Amino acid sequence: MSSSLPAATNQSEQSFSDPANPTPNPALISDDARIDFWAAQASRLDWAEPWHTTHRFEKPQVIGEDQDGNPTYSVPEIAWFEGGKLNVAHNCVDRHVEAGRGDHVALYFEGEPGDRLVYTYADLQREVARASHALTDLGVVKGDRVVIYLPVIPETVIMTLACARIGAIHSLVFGGFSAEALKFRVEDTGAKVLVTTDGQNRRGKVVPVKVNADEAYSGDNQIEHVVVVRRTCRPGNKQLAAGTRGARSNDELEVPWTPGRDVWWHDLIKDAPTVHTPEFFDAETPLFIIYTSGTTGRPNGLVHTMGGYLVQTAYTHALLFDLLPDTLDDDGALRPDELSTVNDPAKVDSTVHWCTADLAWVTAHTYEIYGPLVNGVSEVIYEGTPNTPHPGRHFEVIERYGVTNYYTAPTLIRSLMGAFPHGIPQIYNFSSVRLLGSVGESINPEAWRWLRSQIGRDQVPFVDTWWQSETGSCVASPRPHYPQFAPPGTFAAGTPGTSPKPGCATRAIPGVPVRVLDESGEPVETGHQGLAVVDKIGPSMARTVWGDPQRYLSSYWQQYGERGWFLAGDGARLDDDDDLYILGRVDDVINVSGHRLSTIEIESALVTHPLVVEAGTTPVEDPLTGHAVLACVVLTPAGAEVSATQLHDELCAHVTREIGPIAKPREVIAVPDLPKTRSGKITRRLLAQLYHNQPLGDRSSLQNEEALDAIADVMSARRS
């Protein structure tokens, strides 16, 4: 570990796809071509033993009837690269050191208080080795579950990789979750070890964490050890023997402690060897359990496996974040090799990647832990909130580390828009940024344009990615080399496919097709809303729901399963170019007088108004129209000065102009914040429940549960 900073990065000449000859998607050529494509991409990884079967998929089949005469189905079985053996941690760390890149930076860490650490790949290899020995010493073996309840700190990455290295199944839990949310995950996974911390830094304060871990442990669980990472405590005197007065600081002594169960992380790894020989596991060995965001009820514990997940993660990270090499086409023009199975070493060496998600979210698993590390790039991890101690903290991080890829959530972008209504001050240097991205939910065009203008200088590519916890990695997105991002004059004026499409996921990635269908499985007309369906699954697809395979069937495969189609649960439409627009969850549709309106479209219209920072819309009951639109809005300082009547009238008129009178809200309510999951998705069903004064459903996945009380107060004041 060191405190060195990155050298300036240089971007080579940018290549762009030929709009007249786009790269064909192998999944649209034939099923054999799709499987062959993923078999080729698997060569990106080191395999100890080859696989005997590239892909096996047993679709749900009718096996009987229930008591009401409805058909019952078998649970689908999915496998990729069966028989092949690999070690995930070796692929993410060891092989880079063995290739002579041990001195290349793996992690730049910045804590919220301003502390900083740098880990090279050689540093990371040593720390993962020590952690692997430590877990083994606690009795953790292949298949055991380890719940990791930590903030965004290096130990979170290290412990995650150590679990992968020894074959333990990790389940990361957002460090801001309540004890109840943690308790559910500890019990549901049947975890043997819980890893937590004494406290965490959040919004300028030290927040105790161990007490939540103890409360979660109080339930019915199988925890044998609680490992505690010292993050906020002042350390004791290392020169004194254990048990001697002063060996532990007063801060450490105040941490709730259960002798025999609890163990300090630094004590556990103190004498652990820095070399560890990895074991190699079958590709279908479970790697982690990730819980869905919970916007639609009780979270599902999705199981992802080692081989398929890492293959699709490695390729999609390289594709989306511009690591693929270039080649010359038949006319001698430089074009990206979109189907390449290798990366461009110069691009790898010059990349400083920053995915701003919390490490417990699937985006961070894929594009903050495994993707960047398997491809050998440098990345930034930041512990704190984006507005601590001021709203420009992210900009300082970008400038300090020379971030090239800034991948974040639409909700964060909108919060920055609210904090900087007149644009970002020119004091920040964003010249290192060469790619922007968004993830979590559909991004409204206004936020897309703002980020690309303010940080991307209206020049850099913007990958608006669509995927889910269930798919494991990206399903659809613009590519950074699409002609729509080319400088003016690169292509002749009016050339199709050369105009940016803010908020559009464009096309499915190679190897995975997406269709937009109606409820009977027929394609919908261009411009009409339908259901987003992945009709040929990729290797990173979740295999089951932990402990409840029937729920996996009923949640995702019941409607189209016999045809082998995965129902993503999102609404979508295609434009005249067959490009894909995601419209949000199908249960986030408002039916007004028979018109199906997308919450995302209404919210996108609302946030283009200068008084609105963020908006959440939801259906509420209406005796005449069935549903009416309720709009909860977070306002700018200027908006807060406007009367409720004027606000309602202005925003309704604005939505009428943007969409039409059918979409205008019946009520507009100003709220201090919107309830969101850790991925930044607005939990719209809770807005409706608060409005109707109904009992609230599952909220274990919220990152800002305090927002519910504030909204409840607003709703209560309206009713009184």
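Only a predicted model underlies this, so the values are computations on that prediction, with no experimental measurement involved.

**Student:** Explain the overall build of the protein to me, using residue names and the numbers behind them.
**Tutor:** The secondary structure content of the protein amounts to 21 helices and 34 strands. Against the 2.2 N^0.38 benchmark of 27 Å for 720 residues, the protein shows a C-alpha radius of gyration of 25 Å, consistent with a compact globule. Overall, the protein is about 75 × 70 × 70 Å in size when its C-alpha atoms are taken along their principal axes. Within the protein, buried positions represent 60% of all 720 residues. Taking as baseline every contact in the protein between residues at least 6 positions apart, the subset at least 24 positions apart corresponds to 73%. Carbon and sulfur atoms make up 48% of the accessible area of the protein, which totals about 27400 Å². Once the 60 positive and 92 negative side-chain charges of the protein are each reduced to a mean point, those two points are 4 Å apart.

**Student:** Before we move on, can you summarise the pattern of salt bridges with the specific residues and values?
**Tutor:** Side chains that carry opposite charge are capable of pairing whenever their charged atoms lie near each other. Summed over all chains, the structure comprises 34 salt bridges. When the shortest N-O distance is used, the salt bridge between Arg130 and Glu127 registers 3.2 Å. Taken together, the residues span about one helical turn, with Arg130 and Glu127 both in helix 4 (residues 121–137) at a distance of three residues. As far as the burial class goes, Arg130 and Glu127 line up, both buried. The residue Glu667 makes a salt bridge to Arg718 at a minimum N-O spacing of 2.1 Å. Remark: Arg718 occurs in helix 21 (residues 706–719) and Glu667 occurs in strand 34 (residues 667–670); sequence separation between them is 51 residues. Look at Glu667 and you get buried, because its relative accessible area is 17%. Judged by its relative accessible area of 41%, Arg718 is partly exposed. Through salt bridges with shared partners, a single ionic network connects Lys501, Arg507, Asp575, Asp577 and Asp579.

**Student:** Any details on the packing of aromatic side chains? Residues and values, ideally.
**Tutor:** Taken as a whole, this structure holds 29 aromatic pairs when the rule is applied. Relative to Tyr401, the ring of Tyr108 has its centre 5.3 Å away and its plane inclined at 35°; by these criteria the two rings are tilted. On the criterion of sequence distance, the pair formed by Tyr108 in strand 6 (residues 105–110) and Tyr401 in helix 13 (residues 393–401) is long-range, its members being 293 residues apart. Note on accessibility: Tyr108 and Tyr401 belong to one class, buried. Ring plane angle 65° and centroid distance 5.2 Å describe the contact between Phe395 and Tyr428, whose orientation is recorded as edge-to-face. Here Phe395 is found in helix 13, whereas its partner Tyr428 is found in the loop between helix 14 (410–419) and strand 23 (435–438), with 33 residues between them in sequence. You can call Phe395 buried: its relative accessible area is 0%. Three or more aromatic residues link up through ring pairs in this structure, and these residues are Phe57, Tyr552, Tyr556, Trp557 and Phe566. If you follow Arg261 out to its NZ or CZ, it ends over the ring of Tyr217, 4.1 Å from the centre. One Lys or Arg, Arg573, reaches over the ring of Tyr581 and ends 4.4 Å from the middle of that ring.

**Student:** Explain the sheet that holds strand 29 (residues 580–585) to me, using residue names and the numbers behind them.
**Tutor:** Strand order in the open sheet formed by four strands is 25-26-28-29, with antiparallel pairing between adjacent strands. Each edge of the open sheet is held by one strand with a lone partner, namely strand 25 (514–517) and strand 29. Going across the sheet, the axis of each strand differs from the next one's by a mean of 45°, ignoring polarity. Looking at chain direction, strand 26 (residues 530–534) and strand 28 (residues 566–574) are connected through four bridges and run antiparallel. Bridge pairing in strand 28 links Leu531 to Gly571.

**Student:** Can you break down unusual backbone geometry residue by residue, with the values?
**Tutor:** With an omega of 0°, the peptide bond running from Thr388 to Pro389 counts as cis. The topology assignment puts Pro389 in the loop between strand 21 (378–382) and helix 13. Its identity as a non-glycine residue notwithstanding, Phe81 has a phi of 60°, on the positive side. Its location among the elements puts Phe81 in strand 4 (residues 77–82). Owing to a relative accessible area of 0%, Phe81 belongs among the buried residues under this scheme. The phi angle at Asn693 is positive, at roughly 60°, despite the residue not being glycine.

**Student:** Please provide a residue-by-residue account of helix 12 (residues 362–374), values included.
**Tutor:** Of all 13 residues making up helix 12, 13 are buried, and the element is well covered by its neighbours. Just downstream of helix 12 lies Gly376, where phi reads positive at about 75°.

**Student:** Explain the sheet that holds strand 20 (residues 352–355) to me, and be specific about the residues and the numbers.
**Tutor:** Read across the sheet, seven strands follow the order 7-6-21-20-22-23-24 without closing on themselves; strand pairing throughout is mixed. Strand pairing shows two members of the sheet lacking a second neighbour, strand 7 (116–120) and strand 24 (462–464), which therefore form its edges. Taking the axes of each pair of neighbouring strands and ignoring which way they run, one obtains an average angle of 15° across the sheet. Against the sheet, helix 14 touches strand 22 (405–408) and strand 23, its axis set at about 100° to strand 22.

**Student:** Tell me about the pairing of strand 17 (residues 301–305), and please be specific about residues and values.
**Tutor:** One face of the sheet, then the other: side chains in a regular strand alternate in exactly this way. Of all the five residues making up strand 17, five are buried; the element is thus mostly covered by neighbouring parts of the structure. Examined bridge by bridge, strand 16 (residues 286–291) and strand 17 share five bridges and lie antiparallel to one another. Residue pairing in the sheet places Ile289 in a bridge with Val303 of strand 17. Where strand 17 lies against strand 27 (residues 544–545), two bridges are found, and the strand directions are antiparallel. Bridge pairing in strand 27 links Val303 to Thr544.

**Student:** Which residues make up the side chain of His104, and what are the values?
**Tutor:** Turning to its location among the elements, His104 is positioned in the loop between helix 3 (88–101) and strand 6. Residues within four places of His104 in sequence aside, it is in contact with Thr120, Tyr121, Val348, Asp349, Gly376, Val377 and Ser378.

**Student:** Can you tell me about the environment of Val592, naming the residues and giving the values?
**Tutor:** By the element assignment, Val592 lies in strand 30 (residues 589–592). It is 8.0 Å that separates the C-alpha atoms of Val592 and Val629, two residues lying 37 residues apart in sequence.

**Student:** Residue-level account of helix 2 (residues 31–41), with values.
**Tutor:** Among the residues making up helix 2, those that are buried are Arg34, Ile35, Phe37, Trp38 and Gln41. The arc enclosing the buried residues of helix 2, seen along the axis, measures out at 155°, which places them on a common side. Exposed residues lying more than 90 degrees from the buried face of helix 2 are Asp32 and Asp36. Each element contacted by the buried residues of helix 2 is listed here: helix 1 (26–29), strand 1 (53–58), strand 4 and helix 10 (306–320).

**Student:** Quick rundown of a negative patch on the surface? Include the residues and the values.
**Tutor:** Among the surface-exposed residues, Glu180, Glu187, Glu215 and Asp220 lie close enough to one another that they form a single negatively charged patch. Structurally, the position occupied by Asp220 is in the loop between helix 7 (210–217) and strand 13 (225–229). Under the relative-accessibility criterion, Asp220 is labelled exposed at 68%.

**Student:** Please provide a residue-by-residue account of the packing of helix 14 against helix 15 (residues 445–454), values included.
**Tutor:** Helix 15 packs onto helix 14 with a crossing angle of 70° between their chain directions and a minimal axis gap of 10 Å. Relative to helix 15, the element helix 14 is oriented roughly perpendicular. Both helix 14 and helix 15 take part in a crossing whose hand is left-handed. The segment helix 14 lies against helix 15, with Ile413, Arg414, Leu416 and Met417 engaging Glu446, Ala447, Trp450 and Leu451. The residue inventory of the contact of helix 14 with helix 15, partitioned by class, reads six nonpolar, no polar and two charged.

Reading the values: rules and limits
Residues numbered from 1 in each chain as written. Predicted model: local features only at pLDDT ≥ 70, side-chain atom pairs only at ≥ 80, totals over all residues. Heavy atoms only, no water. Helix = DSSP H or I, 4+ residues; strand = E, 2+ residues; numbered from the N terminus. Rg over C-alpha atoms; globule rule 2.2 N^0.38 Å. Buried < 20%, exposed > 50% of the residue type's maximum accessible area, 1.4 Å probe, protein only. Contact = heavy atoms within 4.5 Å. Areas by Shrake-Rupley, 256 points an atom, 1.4 Å probe, with all protein chains shown as cover. Lys, Arg positive; Asp, Glu negative; His and termini not counted. Charge placed at Lys NZ, Arg CZ, Asp CG, Glu CD. Salt bridge = Lys/Arg side-chain N within 4 Å of Asp/Glu carboxyl O. Phe/Tyr/Trp six-rings, centres within 6.5 Å; stacked < 30°, edge-to-face > 60°. Lys NZ or Arg CZ within 6 Å of the ring centre and 35° of its normal. Pairing = 2+ DSSP bridges. Axes fitted to C-alpha atoms, helices over the stretch in contact; angles between N-to-C directions. Arc of directions from axis to C-beta. Patch = residues over 30% accessible without salt bridge, like charges linked within 9 Å, V, L, I, M, F, W, Y side chains within 5 Å. Parallel < 35°, antiparallel > 145°, perpendicular 65-115°, else oblique. Left-handed = near helix turned anticlockwise from the far one by under 90°. Nonpolar A, V, L, I, M, F, W, Y, C, P; charged D, E, K, R; others polar.

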